[in-house]
Amino acid sequence: MINSSGIPAVVPAGRLADRDQPVLPLPGGLELRPWRLDDADADALHTAGQDPAISRWNLFTVAGRDEARARIERLHARRRAETGAIWAVAPTGGAAVGLAGLNDVDLAGGTAEVVYWVLPEGRGRGIAVAATRRLSGWALDELGLHRLVLCHSTANPASCRVAEKAGYTAEGTHRSALLHADGWHDQHVHARVAGDPA
Ligand SMILES: CC(C)(COP(=O)(O)OP(=O)(O)OC[C@H]1O[C@@H](n2cnc3c(N)ncnc32)[C@H](O)[C@@H]1OP(=O)(O)O)[C@@H](O)C(=O)NCCC(=O)NCCS
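Values in this document were obtained by computation on a predicted structure and should not be read as measured data. (Residues numbered from 1 in each chain as written. Predicted model: local features only at pLDDT ≥ 70, side-chain atom pairs only at ≥ 80, totals over all residues. Heavy atoms only, no water.)

K.L.:
Help me understand the overall build of the protein chain in this model?
P.N.:
Helix and strand content of the protein chain: 5 helices and 8 strands. The secondary structure elements of the protein chain, listed N-terminal to C-terminal, are β-β-α-α-α-β-β-β-α-β-α-β-β. Radius of gyration (C-alpha) of the protein chain: 16 Å, near the 16 Å computed for a compact globule of 198 residues. Taken over 198 residues, the protein chain has a buried fraction of 45%. (Helix = DSSP H or I, 4+ residues; strand = E, 2+ residues; numbered from the N terminus. Rg over C-alpha atoms; globule rule 2.2 N^0.38 Å. Buried < 20%, exposed > 50% of the residue type's maximum accessible area, 1.4 Å probe, protein only.)

K.L.:
What should I look at first to understand the sheet that holds strand E6 (residues 147-153) in this one?
P.N.:
In spatial order, the strands read E1-E2-E3-E4-E5-E6-E8-E7; together these 8 strands make up an open sheet with mixed pairing. Bordering the open sheet on either side are strand E1 (24-25) and strand E7 (169-180), each of which pairs with just one other strand. By the bridge criterion, 7 bridges tie E6 to strand E8 (residues 183-193) in an arrangement that is antiparallel. Residue Leu150 lies in a different strand from E8, and its bridge partner there is His190. In the packing of helix H5 (residues 157-165) onto the sheet, the strands contacted are strand E5 (111-118), E6 and E8, and the crossing angle to E8 comes to about 10 degrees. (Pairing = 2+ DSSP bridges. Contact = heavy atoms within 4.5 Å. Axes fitted to C-alpha atoms, helices over the stretch in contact; angles between N-to-C directions.)

K.L.:
Help me understand helix H3 (residues 65-80) in this model?
P.N.:
Each α-helix turn comprises 3.6 residues. Residues three or four places apart therefore point the same way. With 16 residues, H3 extends 23 Å from end C-alpha to end C-alpha; this agrees with the ideal 22 Å at 1.5 Å per step. For H3, the complete set of buried residues consists of Ala68, Ile72, Leu75 and Arg79. Projection of H3 onto a plane perpendicular to its axis shows the buried side chains occupying an angular sector of 50 degrees, all on one side. Facing away from the buried side of H3 by over 90 degrees, the exposed positions are Asp66 and Arg80. (Expected span 1.5 Å × (residues − 1). Arc of directions from axis to C-beta.)

K.L.:
Quick question: what am I supposed to make of the pattern of salt bridges here?
P.N.:
Where side chains of opposite charge bring their charged atoms close, a pairing between them can arise. Scanning the model with the defined rule gives 9 salt bridges in all. We note a salt bridge from Asp39 to Arg65, for which the minimum N-O separation is 3.4 Å. Note that Asp39 is positioned in helix H1 (residues 39-50) and Arg65 in helix H3, a separation of 26 residues in sequence. Since its relative accessible area comes to 35%, Arg65 is described here as partly exposed. A salt bridge links Arg123 to Asp51, with the shortest nitrogen-to-oxygen separation between them at 2.8 Å. Within this pair, whereas Arg123 is found in the loop between E5 and helix H4 (127-143), its partner Asp51 is found in the loop between H1 and helix H2 (52-57), the two being separated by 72 residues in sequence. (Salt bridge = Lys/Arg side-chain N within 4 Å of Asp/Glu carboxyl O.)

K.L.:
Help me understand the site of the ligand, please; the structure alone is not making it clear to me.
P.N.:
The ligand sits among 23 residues. The nearest are Val118, Gly124, Gly126, Arg161 and Lys165. Between the ligand and Val129, the relevant distance is 3.0 Å, taken from an oxygen atom to a main-chain nitrogen or oxygen of the residue. For the ligand, the accessible surface in isolation is 960 Å², of which the surrounding protein chains cover 72%. By residue number, the principal contributor to the shell around the ligand is H5, which donates 6 residues. Grouping the amino acids of the shell around the ligand by side-chain chemistry returns 13 nonpolar, 6 polar and 4 charged. (Near = heavy atom within 4 Å. Polar contact = N/O pair within 3.5 Å; in protein donor to acceptor, adjacent residues only side chain to side chain. Areas by Shrake-Rupley, 256 points an atom, 1.4 Å probe, with all protein chains shown as cover. Nonpolar A, V, L, I, M, F, W, Y, C, P; charged D, E, K, R; others polar.)

In structure tokens:
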């Protein structure tokens, strides 16, 4: 496919939607796998949406199991539309303990934004770093994207550390770029591009 400037698409349309979302193994008996519409995953997403840090930094709340299920259905719809690819982080055979994935996927332009969160009981064990590294490798090397961006409020140093440890180079600060409940936050922009060391 060629865009209006005559430049070929970086990733052809269909490469995300036409294949099953892969299961990507992580260290420590964990894996990245598609979100399930079962009670356990719906409850994990509901719990995340009630967690003060996740709702603050990832800017979402989830009122209950039904709303969580509707969100999971939207995640799958976004992958079919090739605008997102979001995984649950979970022990093999178990319920989700976190989320990691790609938002704002632009296959033709070769870009996406990386997002993540980990439930409080899972934090501090390297889960976010391992999940971000793994999905970034998949997105660049297997899906074929060129550039992944990772943005966080400058008031969230834990996310900054995840970005650094997952191989995302700090590129600068966007001033007053994120609207949170307490007002506008500056945001750090990190990125990993094809060919960067993992
Ligand atoms: C940020 C978050 C995803 C990190 O998940 P995690 O699995 O605990 O992260 P990891 O264990 O892989 O690594 C976290 C790193 O940040 C560091 N860190 C944690 N809190 C920190 C803080 N307040 N200041 C600086 N570094 C911090 C940890 O020490 C660790 O680095 P180290 O391995 O060098 O010691 C998790 O805390 C979370 O979900 N927070 C709430 C939501 C959120 O911030 N989402 C991201 C939005 S951009």
